[in-house]
Amino acid sequence: MNYLFGVSLGLGPIEITAILISSLGFIVMFGIASAKGDYQGLINTTLENDAENRKSRK
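Cut-offs applied
- Residues numbered from 1 in each chain as written.
- Predicted model: local features only at pLDDT ≥ 70, side-chain atom pairs only at ≥ 80, totals over all residues.
- Heavy atoms only, no water.
- Helix = DSSP H or I, 4+ residues; strand = E, 2+ residues; numbered from the N terminus.
- Buried < 20%, exposed > 50% of the residue type's maximum accessible area, 1.4 Å probe, protein only.
- Areas by Shrake-Rupley, 256 points an atom, 1.4 Å probe, with all protein chains shown as cover.
- Patch = residues over 30% accessible without salt bridge, like charges linked within 9 Å, V, L, I, M, F, W, Y side chains within 5 Å.
- Salt bridge = Lys/Arg side-chain N within 4 Å of Asp/Glu carboxyl O.
- Phe/Tyr/Trp six-rings, centres within 6.5 Å; stacked < 30°, edge-to-face > 60°.

**A short note on the overall build of the protein chain**
Secondary structure assignment for the protein chain yields two helices and zero strands. For the protein chain, buried positions account for 3% of its 58 residues. Of the roughly 5500 Å² of accessible surface on the protein chain, a fraction of 65% belongs to carbon and sulfur atoms.

**Regarding a nonpolar patch on the surface**
Judged by side-chain polarity, Leu24, Val28, Met29 and Ile32 come together as a nonpolar surface patch covering roughly 390 Å² of accessible area. Among the structural elements, Met29 can be located in helix α1 (residues 13-36).

**Considerations on the packing of aromatic side chains**
For the structure shown, the criterion picks out one aromatic pair. Ring centres 6.1 Å apart and planes at 25° place the aromatic pair Phe26 and Phe30 in the stacked group. A residue pair is termed a helical-turn pair when its members lie 3 or 4 positions apart in one helix, as Phe26 and Phe30 do in helix α1 at four residues. Here Phe26 matches Phe30 in class, with each residue exposed.

Here's what the structure looks like:
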C-alpha cells in the first residue's frame, strides 16, 4: 500500500484501515447532507430577508 502515498508515512494496517473507514464515513455523510439539504430554500430565505431589510432602511 506504499504506492498510495508520495512519501512513506510508516502506517500500519490499523492506521490504513482507520483512514479508509473515516474517509468512507465522510463521503457517506456528505452525500446524505447533500441529498437532504434544502439549499434552494436557504437561498430564497436569505434573499427574502435581504429584501425586507432593504425596504425597512428606506
